[in-house]
Structures are given as C-alpha cells and as structure tokens.
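# A look at the structure
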Amino acid sequence: MSQQSRRRPSQPYRPPKKDPVRILAFDALRAVDERDAYANLVLPPLLRRAREQGDFDGRDAALATELVYGTLRRQGTYDAIIAECVDRPLREVDPPVLDVLSLGAHQLLGTRIPTHAAVSASVELARVVLGDGRAKFVNAVLRRISQHDLTGWTDRVAPPYDEDPEDHLAVVHSHPRWVVSALWDALGGGRAGIEDLLEADNERPEVTLVARPGRSSADELLELLGEGGGLPGRWSPYAVRLAEGGEPGALEPVREGRAGVQDEGSQLVAVALAGAPLDGPDERWLDGCAGPGGKAALLGALAAERGAVLVAAEKQPHRARLVERALAGNPGPYQLVIADGTRPAWRPGAFDRVLVDVPCSGLGALRRRPEARWRRRPEDLDGFAPLQRALLREALESVRVGGVVGYATCSPHLAETRAVVDDVLESRGGSVRAEWIDARPLMPGVPALGDGPDVQLWPHLHGTDAMYLALLRRTA
C-alpha cells in the first residue's frame, strides 16, 4: 500500500453551529467585562431582542439567564480552577477566551448539562466568537476541567480551612477574600454561619412583588397569579413571592404601577419607619435618597393612608425620572424634588419622618448583582463614608424634634452601618441630638434580629437582601 493511500482523507471544513443561547450569554458577559455593565441591566434587552427575532422561547431564556448569573456568581472559583488547567498565568488569557472558558466551566461544574454536551457546545461557541485556533485551546482546557466535579476541584485548588480560613472560603464560595472577612466580622459566630451566608449569596434570589397600599393588595396579586404562581411574603404584609419562571410584567397591577418588584427587606425598612411611634403631627414625610423609587412608592402609599404628604428627593435627574414613574398614580399627594440630600432644599425641622437609604458598597445585594463583588475594593468604603455621614446628619436636621429618622443601607459592612450611626450620634459638632429607637418590634414575626436596637437582615436567615436599618428619634 502506498504512503499516499495510507493518509486519511482531509476533512471538509464544517462551519460552526451558532447557538443563540450561548452566544447571548457570551455577549452579556462581554458587556459586563468591557463596559462595567450590570447583568441585570444588560440581560433583559438582549433577551427581549432574541424573543422578538424568534430565536428564543421561555426555556432558552431561562438557560441563558442561568449561564450568565451562574458564571458571574462562581467566577472566583472558576478562575482558580481554570488557572490550574492552562499553561500560562490567567492574566495572560484573553478576556473573551476566559469568558468562554468560564461559561464552559459553569456548564460542567454548576449545571446538569451532560459533560459531552457542555464541552461540545462551548467549543462550538468558541469557533463562532473566537475562531478555530482558539477553539482548540478551549477544547483542551475544558477536557481537563471535566476530569473532576466541583467538590473535587475545590478540594484541589482551595487552601485547607485550618491553614487559611478566609482564603479557603473565598475560593470555595467565590467571594473576594476582603469581602469574606468583612461579612464574617459583621455576622460574627463560627464557620457554619459564614458558609451559609456565602452560599446564599450564590443562590438565585426569589422575585418578590410589593402591593402598594390603597392601590393593590397581596391577596389581589395572589389571585391573579393563581394556584402555584406565587406565595405570600414571609414578613411583609405587602409582599408576594413569585414562582420560579413567573413574569412580573405580565401582571396588570405591575403594568399599571399599583404593584412593583421590591425585595422584602426593602419593604420592611419602609414599613418599620412608617410604624415607628411618633408624638405630635404626622403630616410630612421625606425620602432623602429616593432613587430608583421602590421605597418612595411604598412610603408614599403608606403616607397617603394617614393623610400625610411624601417629599421624594433625588440628586440625579435620570434617577429622579425613575422615582417619578414609581410614584405615578400614588393615592395621595406627593412632591418630587431634584435635590442633594447633603444640601437640603427645605427648611430644617420640616418633616415628621425621614428616610435616607444611602449610597453604599452594595455588599448586601450580591445575589442580585454578583459582578459587584469583583468590582468593589476595600478603599471604596472610604469614598462612601463622608457621604453617608453627611446624609444622616442632614436627615436629623431635616426632622422636627420628636420626629423619626431611618438610616438604611444595602450593606452589612460594619463601616457602613453601626459605625456611621455611632459617629454621627457621638459628634458634638451641631445642636441636633438624637436617641436610638429599637427597630426590632417594628418588624413583627421576623426572627434572628440580633440584640438591637438596630436591625441587620441576612439572605441566609431571612431570604432578603442584607438590609440594615437604624431608627433614631430627634431629641433636641
């Protein structure tokens, strides 16, 4: 037999298969990486466009969502695993290649997609978006990753807990080490609690609706959702938890603004402020950091039930437009003001109740914005600190003597919660004085609220974002 006849015939070129689901997931990850975009803002328009083009059904949308969010949540763990399987430092791997590898790693280690399907689909994606040459690299790396399951890999790449507890938890639960340390300090306790919290951060959060008083009710929403479509909230009387796969925008009360999407922790903050005991008039309320409008809409409805007026203040015009949309149709009078809460556009002592939900690191909402954990740095807290204190001081100036201020933040970091309140209360730089109000009785039925008087909610204990609330009464 001749040498020529022993050669295998050359394979004809096969064009790559275009998988709309994985291409969309890749596009979303690139937007998050290149533009510092947030997945919860990038993904919906991509999904809507895919549906309009006829490429997607509900199952496709669910898979694309899982691929994007799952990859972002487990990015730290997958990076450590991929680093063990490539022949160069991870920083030398092109970001688009790393995105394809991360998507493939999530399919292999974080879903029930069969191994052969996860590898082949990822290689086909690489051929489409990277080219045939780099697709071979992707194929080789993913085949190495497929040799172990997630537990097997974390046992290999994470340092032993006994040698370095924080780094072990950081790798296993995919959080930056400094975030693990900060959350552990805030939570206190031993290993079990922090592991439960970190794991809760990696779970898909429920979609929770809020029925705005005077315009809708939880019972109406439950009736519209039908059996199996939703469950009552755990803690808030206005909350309804949507069944997995439910579409909030399909509900008429949501389309009409009579209800909205709002985490139950945010609802509890507004309800607690509204329920704090008050001596004297209860006529004017202020939301001093009103954007994007969820708490303002609930506060406005609660104020209207008592004949009170809500003033919603927001510094940024584009966020003020979101507040205006949320407040549209409020059952009572309200006023929207574009104003900086640190430079009030109202006279001192003008309000009976004031809420300041201050800008913060967002470490309490890592379930919803998983990419935030990789963007934040410890030094970011230094930038927020002066603003948080200034907003709280002006809130206390804005409330009358005997009135109540709620200081809220979607972070459990001690530097953004109790430390801020303690600093402001201990300051002797002004004439305003205030005292703590125990916030725990204003969240009836909610367990594990700690020693008070402030309240810290937790994803693993309450199923909410990690919202913090301190209630203060102005005494002078």
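The structure contained in this document is the topic of the report that follows. Every chain begins its residue count from 1, and numbering advances along the sequence as written. Residue-level local features of this predicted model are given only where pLDDT is at least 70; pairs of side-chain atoms are given and counted only at 80 or more, and the full residue set underlies all totals for whole chains, interfaces and linings. The side-chain figures draw on all heavy atoms in the structure; neither hydrogens nor water molecules are used.

### Looking at helix H11 (residues 177–187)
Residue exposure (1.4 Å probe, protein chains only): buried if accessible area is under 20% of the type maximum, exposed if over 50%, otherwise partly exposed. By definition, any uninterrupted DSSP run of H or I lasting at least four residues is a helix, any uninterrupted run of E lasting at least two residues is a strand, and each is numbered from the N terminus. Those residues of H11 that fall on the buried side of the exposure criterion are Trp-178, Val-179, Val-180, Ala-182, Leu-183 and Trp-184. Within two residues after H11, Gly-188 carries a phi angle of roughly 70°, on the positive side.

### Quick look at the packing of helix H7 (residues 115–129) against helix H8 (residues 132–145)
Angles run from 0 to 180 degrees between N-to-C directions of axes, and those axes are lines fitted to C-alpha atoms, restricted for helices to the stretch in contact. Here H7 crosses H8 at 155°, and the two axes come no closer than 8 Å. The orientation of H7 relative to H8 falls into the category roughly antiparallel. Where H7 crosses over H8, the two elements pack in a sense that is right-handed. Taken together, the residues of H8 that come into contact with H7 (itself represented by Val-119, Ser-122, Val-123, Ala-126 and Arg-127) are Asp-132, Ala-135, Val-138, Asn-139, Leu-142 and Arg-143. Classifying every residue of the contact of H7 with H8 gives six nonpolar, two polar and three charged. Between 65 and 115 degrees an angle is taken as roughly perpendicular, under 35 as roughly parallel, over 145 as roughly antiparallel, and anywhere else as oblique. Should the near helix be turned counterclockwise from the far one by less than a right angle, the crossing is left-handed, whereas a clockwise turn marks it as right-handed. Two residues qualify as a contact provided that any one of their heavy atoms is within 4.5 Å of a heavy atom in the partner residue. Side-chain classes follow a simple rule in which Ala, Val, Leu, Ile, Met, Phe, Trp, Tyr, Cys and Pro form the nonpolar group, Asp, Glu, Lys and Arg form the charged group, and the remainder, Gly included, forms the polar group.

### A word on helix H2 (residues 20–35)
The length a helix should cover is 1.5 Å for every residue beyond the first. In this model, H2 (16 residues) spans 22 Å end to end at C-alpha, consistent with the 22 Å of a helix rising 1.5 Å per residue. Every buried residue belonging to H2 is among Val-21, Arg-22, Ile-23, Leu-24, Ala-25, Phe-26, Ala-28, Leu-29, Arg-30, Ala-31 and Val-32, and all of these are buried. Looking at the buried residues of H2, the elements they touch are helix H3 (39–52), helix H4 (58–73), helix H6 (95–109), H7 and helix H18 (372–375). Throughout this description, a polar contact denotes any pair of N or O atoms lying within 3.5 Å of each other; where both atoms belong to protein, one of them has to be capable of donating a hydrogen while the other can accept it, and for residues adjacent in sequence the pair is counted only when both atoms sit in side chains. Of the residues flanking the start of H2, the one acting as N-cap is Asp-19, its side-chain oxygen 3.0 Å from the backbone nitrogen of Val-21. Among the residues trailing H2, Asp-36 stands out with phi positive, at a value near 55°.

### Observations concerning unusual backbone geometry
Here Gly-291 and Pro-292 are connected by a cis peptide whose omega angle stands at 0°. Turning to its location among the elements, Pro-292 is positioned in the loop between strand S5 (284–287) and helix H16 (294–305). Across the junction of Gly-452 and Pro-453, the peptide omega takes the value 0°, indicating a cis bond. Despite not being glycine, Ser-174 has its phi angle at roughly 60°, a positive value. Classification of Ser-174 as buried rests on a relative accessible area of 0%. In the Ramachandran plot, Ala-448 falls in the positive-phi region, its phi being about 55° despite a non-glycine side chain. In this fold, Ala-448 is placed in the loop between strand S10 (434–437) and strand S11 (455–456).

None of this, on its own, says anything about what the molecule does.
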